Each structure stands twice: as structure tokens, then as C-alpha cells.
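# Topology and contacts: notes
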Amino acid sequence: MPFMRMLRRGCCWTSVLPVRFLGISPRQIPADANFHSASFSDTDHPRVLITGGLGQLGVGLANLLRKRFGKDSVILSDIKKPPDHVFHSGPFIYSDILDYKSLREIVVNKRITWLFHYSALLSAVGEANVSLARAVNITGLHNILDVAAEHSLRLFVPSTIGAFGPTSPRNPAPDLCIQRPRTIYGVSKVHAELMGEYYHYRYGLDFRCLRYPGIISADSQPGGGTTDYAVQIFHDATKHGKFECNLEAHTRLPMMYIDDCLRATLEVMEAPAESLSMRTYNVGAMSFTPEELAQEVLKHVPEFQITYNVDAIRQAIADSWPMNFDDSNARKDWGWKHDFDLPELVTTMLNLHGSEARVAQAS
Ligand SMILES: NC(=O)C1=CN([C@@H]2O[C@H](COP(=O)(O)OP(=O)(O)OC[C@H]3O[C@@H](n4cnc5c(N)ncnc54)[C@H](O)[C@@H]3O)[C@@H](O)[C@H]2O)C=CC1
Ligand SMILES: CC(=O)[C@H](N)C(=O)O
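Residues numbered from 1 in each chain as written. Chains lettered and ligands numbered in written order. Predicted model: local features only at pLDDT ≥ 70, side-chain atom pairs only at ≥ 80, totals over all residues. Heavy atoms only, no water.

The chain carries the name L-threonine 3-dehydrogenase, mitochondrial in an unreviewed UniProt entry, which gives Callithrix jacchus as its organism. Recorded under Catalytic activity (unreviewed entry), the UniProt text for the chain is reproduced unchanged: "L-threonine + NAD(+) = (2S)-2-amino-3-oxobutanoate + NADH + H(+)". Per its UniProt entry, the chain bears the Function (unreviewed entry) comment "Catalyzes the NAD(+)-dependent oxidation of L-threonine to 2-amino-3-ketobutyrate, mediating L-threonine catabolism." (UniProt positions renumbered as here; feature names shortened; annotations may be inferred.)

Here the focus is the overall build of the chain. Helix and strand counts for the chain stand at 14 helices and 13 strands. Residues counted as buried form 53% of the 363 residues belonging to the chain. Counting contacts in the chain only where the partners sit at least 6 residues apart, residues at least 24 apart contribute 78% of the total. Surface summary for the chain: the accessible area is close to 16400 Å², and the carbon and sulfur share equals 53%. (Helix = DSSP H or I, 4+ residues; strand = E, 2+ residues; numbered from the N terminus. Buried < 20%, exposed > 50% of the residue type's maximum accessible area, 1.4 Å probe, protein only. Contact = heavy atoms within 4.5 Å. Areas by Shrake-Rupley, 256 points an atom, 1.4 Å probe, with all protein chains shown as cover.)

The UniProt entry lists residues 48-284 under the feature "domain: NAD-dependent epimerase/dehydratase" (unreviewed entry), expressed in the numbering used here. Taken end to end, residues 48-284 is 41% helix and 18% strand, and its two terminal C-alpha atoms sit 25 Å from one another.

On to the site of ligand 2, then. Residues in contact with ligand 2, as listed here, are Leu 122, Ser 123, Thr 160, Ile 161, Tyr 185, Gly 214, Gly 225, Thr 226, Thr 227 and Trp 321. Contact between ligand 2 and Tyr 185: an oxygen atom at 2.7 Å from a side-chain N or O atom of the residue. Thr 227 places a polar side-chain atom, nitrogen or oxygen, 2.8 Å from a nitrogen atom of ligand 2. Computed on the free molecule, ligand 2 has an accessible area of 250 Å², of which 92% lies beneath the protein chains in the complex. Of the residues belonging to the shell around ligand 2, the class tally is 4 nonpolar, 6 polar and no charged. (Near = heavy atom within 4 Å. Polar contact = N/O pair within 3.5 Å; in protein donor to acceptor, adjacent residues only side chain to side chain. Nonpolar A, V, L, I, M, F, W, Y, C, P; charged D, E, K, R; others polar.)

This part is about the side chain of Gln 56. Mapping Gln 56 onto the fold places it in the loop between β1 (48-51) and α3 (58-69). A polar contact is formed between the side chain of Gln 56 and the side chain of Ser 217, at a distance of 3.0 Å. Non-local contacts of Gln 56, meaning those with residues more than four positions away in its chain, are made with Ile 215, Ile 216, Ser 217, Ser 220, Gln 221, Pro 222, Val 231 and Ile 258.

Take the confidence of the model for the chain next. Of all residues in the chain, 86% attain a pLDDT of 70 or more, and the chain-wide mean is 89. In this model residues 1-23 is a low-confidence stretch, pLDDT under 50, and it forms 26 contacts with partners more than four residues away in sequence or in other chains. A low-confidence stretch, residues 29-40 (pLDDT under 50), is modelled with 24 contacts involving residues beyond four sequence positions or located in other chains. Here the complex is predicted with pTM 0.91, and the ipTM for its interfaces comes to 0.99. (pLDDT = per-residue confidence, 0-100.)

The next point concerns the site of ligand 1. Taken together, 26 residues are adjacent to ligand 1, and Gln 56, Asp 78, Asp 96, Tyr 185 and Ile 215 come closest. Within the backbone of Tyr 118, a nitrogen or oxygen atom sits 3.3 Å from an oxygen atom of ligand 1. Note that an oxygen atom of ligand 1 is positioned 2.6 Å from one of the side-chain N or O atoms of Tyr 185. Relative to its unbound accessible surface of 830 Å², ligand 1 loses 93% to contact with the protein. Looking at the shell around ligand 1, the elements that each hand over two or more residues are β6 (159-160), α8 (184-203) and β8 (214-216). Taken together, the residues of the shell around ligand 1 sort by class into 13 nonpolar, 9 polar and 4 charged.

This part takes up the packing of aromatic side chains. Aromatic ring pairs are reported here in terms of the distance separating the ring centres and the angle at which the planes meet. Inspection of every chain in the model, using the stated rule, returns 12 aromatic pairs. With 6.3 Å between their ring centres and 80° between their planes, Tyr 198 and Tyr 203 make a pair best called edge-to-face. A residue is classified by how much of its surface remains accessible, and Tyr 198, at 42% relative accessible area, is partly exposed. Look at Tyr 257 and Phe 340: their rings are 4.5 Å apart centre to centre, the planes differ by 45°, and that puts the pair in the tilted class. Here Tyr 257, found in strand β10 (residues 253-257), pairs with Phe 340, found in the loop between α13 (328-334) and α14 (342-362); they are 83 residues apart in sequence, far enough to count as distant. Using a relative accessible area of 4% as the deciding quantity, one classes Tyr 257 as buried. An aromatic cluster of at least three residues, connected via ring pairs, comprises Phe 69, Trp 114, Phe 116, Tyr 118, Phe 156 and Tyr 212. (Phe/Tyr/Trp six-rings, centres within 6.5 Å; stacked < 30°, edge-to-face > 60°.)

Another point: helix α10 (residues 258-270). Helix length check: α10 (13 residues) gives 18 Å between terminal C-alpha atoms against 18 Å at 1.5 Å per residue, within 8%. Looking only at α10, the buried set comprises Ile 258, Asp 260, Cys 261, Leu 262, Ala 264, Thr 265, Leu 266, Val 268 and Met 269. (Expected span 1.5 Å × (residues − 1).)

Attention now moves to the side chain of His 338. Relative to the helices and strands, His 338 resides in the loop between α13 and α14. Within the local environment of His 338, its side chain forms a polar contact with the side chain of Arg 331, the two groups lying 2.9 Å apart. Among residues more than four places away in sequence, those in contact with His 338 are Asp 260, Arg 263, Gly 284, Ala 285 and Arg 331.

Below, the discussion takes up the sheet that holds β8. Sheet strands associate in pairs through backbone hydrogen bonding, adopting either a parallel or an antiparallel arrangement. Reading across the sheet, the 3 strands line up as β8-β10-β12 and stay open at both edges, with mixed pairing between neighbours. Whereas interior strands pair on both sides, the edge strands pair on one side only; in this sheet they are β8 and β12 (286-288). Recorded for the sheet is a direction-independent mean angle of 45° between the axes of neighbouring strands. When β8 meets β10, the two strands line up parallel, connected through 3 bridges. Within β10, the position partnered with Gly 214 by the bridge is Met 255. (Pairing = 2+ DSSP bridges. Axes fitted to C-alpha atoms, helices over the stretch in contact; angles between N-to-C directions.)

Here it is, written out as C-alpha cells:
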């Protein structure tokens, strides 16, 4: 098909011209550079790098991917020192996403083919340190996009309910709508969505992105977000029988149990490219208020008490976020289906914390 006609038909650039002919490298790699092309097709399993892997979500993701692809195929990385059990559970490497050369070195030396980019400063800590959030969430993302484009990686970058703002439809928020967030975290995530999609259409980068709700997990501490209360409540209910909530009782937000979140992440990464009508999807599971969560906890911990001491910054952020997510495109395109609703979430979290508390008491 003649070049101009293909363009008029809306073919993407990379299907028209070979990537290298376009001078693909956003880092100005010489046109005759020998692109590292160890793509997924070279191997039975992807070779995976997870950035920011020592936060709330990364270790669980590494466990899931190692079960699927083998222990040594998945490298966890962060700028923090890993606890012993993480260090001994599989490959770990120091990686600062602000250091582009070192990122490239890891990707080349370890022959990485899939990258899960989890490094970030979340909403509340981001507001407390805007310049660091801007560096990590925006400059760091640029490094990740460039290294992924140069080395033909499949790239997953999580976005969030925080990528929406007070002018977005909130109940529910659809995939495509006005996005004018008022936090540096949200702004950086909208930037990530747009840049990833731009690299996809411009350079053929295999960019995949899910907007996560607030994620609830038992095995690690939350990293400074607005939805952290829904994690902390389980620690405090099992340890002290009471909890002081920093959001108002009726603040409704979309939430998800970590197993659903990590499964969604793996599923979208494994989905055939032709099934993806978009590159950024909402994924949802449940939606509740602190009051509703406390009522559900009360069914299992009869002495449980919740009090409220509202943090104005977190409350303002929460009030600007969606109350519900419309994730019908994810369900239609690649079969997304959540397993955990509020009752299963609460039972699971209390069981996990209860057994921890029993182990602690016994030792
Ligand atoms: N936890 C949640 O509820 C949600 C998380 N997400 C996204 O999922 C991803 C992972 O989230 P969490 O694990 O909860 O975050 P977290 O805040 O717990 O962990 C982030 C990690 O990034 C690391 N990091 C910071 N600066 C770095 C740098 N310069 N180089 C390398 N690593 C650096 C930190 O050391 C930390 O371990 C983030 O991108 C977040 O925006 C999205 C929506 C909800
Ligand atoms: C929903 C998120 O992105 C995160 N948990 C936060 O509250 O900042």
C-alpha cells in the first residue's frame, strides 16, 4: 500500500516504516546502532525487571511472576535495602530509575524483555515533597520509556484513580474523560499514560497501563497514599481493636485486593496485542466508605471501634477522586473479572493479620 494512503488510513508510524529508519531512539542513539532485540519471542519466558519493587506491591508481583516464569527470570529492584526474606527469595538488584546508564546496563546485561515500572511517590507523600515526586514520577518515567523503547521491551506502568480530578465524572469514572488531577502524583500519572501511549503510536513501544484503585494488602506497609487507611485499619483492628481514620466516614473510593490487582497486571501483560483496543484501562473491583468497611470489620471483631481524625490534605485528595470505576473495556477486551468483593476482602485480611498476631504472641 502506498505510504501516504497508509497514513490516511490511520496506520501507526511503526507499521509504515521500520523503527530504526525513523531514528527511533529518543536518546539519539546513532542510526546504525545495533538495537538489542531480545524480545519475548527469543525465549520461552520473559526476563523481567521490576522497579520500585520493595514497596507495597512489588514483592507480591515478583512472587506471582516467579511462580509463572521461574525464580531466576524475575529481578526485583529498588533503592532500598531488601529484608532478608526478600533477598533470599530470588534475584534482587539496586536500581535508581533516575540513573539512566545504570538502567540500561541492567536491561542489557540481564537481557530484560519485560519491565514492570513500580517506582513512584504516592499521592500524600508526593504533596509533601513535590520536587522529589516530580523527579521520580516524571523524570524517572522518561528514563524508563527510553530504555524500554530502545530495547524493545514490553512495558507495564501502573496508573491510578488519582489520575482523575474534581472535574472528571466520579460515579463512575470511564476510561476516557476529562482528567485534571490536582496532585503532583495525579499529574505525573496522566503524563505517564499520555507519554506511554505516545511512545506506543510513535515508536511502537509495547506499553500497557492499568489504572489501579486503592490496593489493599496484608504483607507490607502502604507507601504514603490517600487510600492507606483501608490497609491500616486491619493492622489496628487485630492489634488494638480500634482504629483512627484520617478520612471522613462517608468518603467513597474504589478499592481492590492485592491478588486481584496482581492478576490483572499479569493478564493484561499476557493479553494478545490485538485484543487491546486501548493501552490504558481502568480496572475495578469494589467501592466502599470507611464506615462501610468498619461495619464489615465489626462482623468479625465485635469490640472494634472506629474514630475519625480527618487529615485535610488527604480528604481534599479523596474528594477529588472517583467514587467508582467503569472498567467495562477491560472486561470486554481481555476478560477482566475480579474475585474479591468487600466481604471476602475483610475475611481474608483479618485471617492474614490474625495469624500474624497469633505467631507474634506465640514467639
Ligand atoms: N498501592 C496502591 O494503592 C496503588 C499503587 N499504584 C501504583 O503502583 C506502583 C507501586 O505502588 P506501591 O508499591 O504501593 O508504592 P510504594 O510507595 O509502596 O513503593 C514505591 C517504591 O518506589 C521506590 N522508589 C522511590 N524512588 C525511587 C528511585 N529513584 N528509583 C527506584 N525506586 C524508587 C521506593 O523505594 C518504594 O519502594 C506505583 O507506581 C503506584 O503509583 C497505583 C494505584 C494504587
Ligand atoms: C490510589 C493510589 O494511587 C494510592 N494508593 C494513593 O492513595 O496515593
